[in-house]
Amino acid sequence: MSDKETVIVEEKARDNANMTSGGNAAFHNFLNDFADIEDPLERRRLALQKIDEAKFGWYHVRAIMVAGVGFLTDSYDIFAINLGVTMMSYVFWKDGNIPSSTETLLKVSTSVGTVVGQLGFGVLADVLGRKKIYGVELIIMIFACVLQCTAGESAGINFPAIMTFYRIVMGIGIGGDYPLSSIITSEFSTTKWRGAIMSAVFANQAWGQIAAGIVALVLVEGYKDQLKTAKDGASCGADCKRACDQMWRILIGLGCVPGCIALYFRLTIPESPRYTLDCEANSAKGIADASKFLSGSHGEAGSDDVARLERTKTAVSAGESIHRAYSGPSTDIEQQVAEAVPLDDGPPKASFKDFWQHFRQWKYGKILLGTAGSWFCLDVGFYGLGLNTAVILEAIGYAGKGSIYKKFHDTAVGNLILICAGSLPGYWATVFTIDIVGRKPIQLFGFFILVFLFCLIGFDYHNLSPKDLLGLYIICEFFQNFGPNVTTFVVPGEIFPTRYRSSAHGISAASGKIGAIIAQTALGTLIDHNCARDGKAKNCWLPHVMEIFALFMLVGLIISVLVPETKRMTLEEVTEKYHDEIDPSKYRQTSVSCGSDTASGELEHV
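Starting afresh in each chain, residues are numbered from 1 along the sequence in its written order. Under the rules for a predicted model, residues below a pLDDT of 70 receive no local features and side-chain atom pairs below 80 are neither given nor counted, while totals for whole chains, interfaces and linings still include all residues. Only hydrogens and water are set aside; all other atoms, that is, all heavy atoms of the structure, feed into the side-chain values.

> What is the right way to look at the overall build of the protein in this model?
Helix numbering and strand numbering both begin at the N terminus, where a helix is a DSSP run of H or I of at least 4 residues and a strand a DSSP run of E of at least 2. When its secondary structure is counted, the protein shows 30 helices and zero strands. Per-residue accessibility, obtained with a 1.4 Å probe over protein chains only, is compared with the maximum for each type, and a residue is labelled buried under 20%, exposed over 50%, and partly exposed between these values. Expressed as a percentage of its 606 residues, the buried residues of the protein come to 57%. By the convention used here, residues are in contact when the closest approach between their heavy atoms is within 4.5 Å. Across the protein, contacts joining residues at least 24 apart in sequence account for 81% of those joining residues at least 6 apart.

> It is not clear to me how the nonpolar core should be interpreted in this structure. Could you clarify?
A general trend in soluble globular proteins is that nonpolar side chains are found buried together. For the purposes of this section, nonpolar cores are sets of buried Ala, Val, Leu, Ile, Met, Phe, Trp, Tyr and Cys residues that join through side-chain atoms within 4.5 Å. By size, the foremost hydrophobic cluster in this structure holds 121 residues, and its most contacted members are Met88, Met163, Leu227, Leu251 and Phe408. Among the elements that take part in this core, helix H4 (residues 58–92) stands out by supplying 15 residues, more than any other. If sequence neighbours within four positions are ignored, methionine 163 has contacts with Ile81, Met88, Leu106, Gln148, Ala151, Trp248 and Ile252. Of all hydrophobic cores here, the second largest spans 14 residues; its members include Phe355, Ile495, Met569 and Tyr578.

> How do you make sense of the confidence of the model for the protein when you look at a structure like this?
Interpretation of the predicted coordinates at a detailed level should be avoided for regions scoring low in pLDDT. Within a predicted model, pLDDT stands for the predictor's per-residue confidence, ranging from 0 to 100. Averaged over all residues, the pLDDT of the protein is 80; the fraction at 70 or higher stands at 77%. Least confident of the elements in the protein is helix H30 (residues 599–603), whose mean pLDDT is 39; most confident is helix H25 (residues 484–490), at 96. Here residues 13–27 is modelled with pLDDT under 50, and outside its nearest four sequence neighbours on either side it reaches nine contacts, counting other chains as well. Between residues 314–347, whose pLDDT stays under 50, and residues either more than four places distant or in other chains, the model counts 56 contacts.

> Help me out: how do you make sense of the state of the cysteines in this one?
Linking two cysteines covalently via their sulfur atoms produces the bond known as a disulfide. For the purposes of this analysis, a disulfide is any pair of cysteine sulfur atoms at a distance within 2.5 Å. Counted under the stated rule, the structure contains one disulfide. The residue that forms a disulfide with cysteine 236 is cysteine 240, at a sulfur-sulfur distance of 2.1 Å. Linking cysteine 236 and cysteine 240, the disulfide has an S-S dihedral of approximately -95° and is accordingly described as left-handed.

> I tried to follow helix H5 (residues 100–127) on my own but got confused; where do I start?
To estimate the expected span of a helix, subtract one from its residue number and multiply by 1.5 Å. The end-to-end C-alpha distance of H5 is 41 Å, a good match for the 40 Å that 28 residues give at a rise of 1.5 Å each. Of all the bends found along H5, the most pronounced is centred on valine 108 and spans about 30°. Glycine 129 sits one or two positions beyond H5 and adopts a positive phi of about 110°. One fitted axis covers the seven residues ending at a residue, a second covers the seven starting there, and the bend at that residue is the angle between these axes.

> I tried to follow the pattern of salt bridges on my own but got confused; where do I start?
When a carboxyl oxygen of Asp or Glu lies within 4 Å of a side-chain nitrogen of Lys or Arg, that pair is called a salt bridge. In the structure shown here, the tally under the stated rule is 17 salt bridges. For glutamate 137, the salt bridge identified is with arginine 266, shortest N-O distance 2.4 Å. With a gap of 129 residues between them, glutamate 137 in helix H7 (residues 136–149) and arginine 266 in helix H13 (residues 256–267) connect regions that are remote in the sequence. Here arginine 249 ties to aspartate 245 by a salt bridge, and the two come within 3.1 Å at their closest N and O atoms. Of this pair, arginine 249 and aspartate 245 are both found in helix H12 (residues 238–253), four residues apart, which corresponds to roughly one turn of the helix. Residue arginine 249 is classed as buried on the basis of its relative accessible area, which comes to 19%.

Next comes the structure, spelled out in structure tokens:
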């Protein structure tokens, strides 16, 4: 017996000695499931199968919390500025009259940075790997959040300008969270409940909005004595202004707390096994990380576990492995695979050339068009619906009229009511049904309902009572979230091959934020179009704007037809079915998954 074989025997004996009487069933050491398998492709298949077929457990809950805290922070920061702008207006502008253009700039600047972050981090995650940059986006958000709290105005500093800059930087961090959290959650999820797990991550947006509303309400009550004496901006004295100044800084600053709590777990999360296996061609490391994740432990696998898998004898040749995996009759595919890149050479890194060659073909490019186009159309209406919030708050008696205290109080309470009535139930309705009903039916039905609702609001606006508008608003909020707002996030994290998954998700998400910018700027200004000139009331053009939103929902409905269904399919099955890329577990690890321009190009049509 050779020295290497002796070491393997001793390791097996030690593992058996450490098992309880129930063996692996009592305390399952997943590494044992792969250590004795000689075929590297069979190892890969079994490792991914373990992840895909795992029962929902604590490690999935932890993944939801670690990824979801980013969206809680994102939503908190975006929602907090909507409440904070009113507070800071009494500090930096005379009588609290902030110019509408400045207010729009402060709110939209985050979306501008988000587009940059979604595109930039999306590409980096495919080129450098998920782990290397996961957590960086959270660090950016934390620092930008703290810097906003220190912003002030002096003779040489323009407050709106410096605040806009910090909001753009924070937006870059928020944008990076979209592709990273989506694909990492997707690649670690069990197939049966992958949609629910990803939706639960995204549903943390509702909790972020609720948290911001609660914090604002607590601050208003805490500074009640300083605020209740001020009837308007002109009567807001030194104590009132000091209170407002401290309130918005605390409100925005607390947004970094959840990020600080989750930062450690993001920085220590293991690399996605699928990226390690498919894009780095490091079988031992990918399988060891998968084993540790399935065992419920956090962090990367130890060097001893990786070394143990690397020492395992590999007696099966690449050709024998392919022949064993391919059970069908002999065809040209075997010859093509046999002539592909050798197993030990490893695949090249993702490149723009490879990306362009793939998606310029209509059968693949239409999928990216479907995910990006539907997200764009959805966000035009999603962010545009916020333009109607003031009318709805008035309908439920929370228009914020009266003293500054009452204005702040009613705005916080009113928004909390709307979120809890519409958004929160919509998010969780998707979580509980997406893996049963499917992604595509939920998205199509959501768009269809929104077309009808926006048309009803737009064309019959003047015949609707405030209570009617309230009901329609809540239903719109519900079906946006029990509909395309969640599915447009979930599907791009599943539908693309590993080497494109983050980039394609980033492109799709950035398209959505461009739609949000259009809704908040170009369409937002149309609400008061010629109202003063024609002697009409404020928001006189709101019905026509809602009609425009209905048109975007219709376009989104049509584009969504291009998006395939991914329910209860493994990521490898999705890639093989919709991108014609051979599963390397069946044929060869490096020929297609992240393959070269020659091998992958020759095989992708099979």
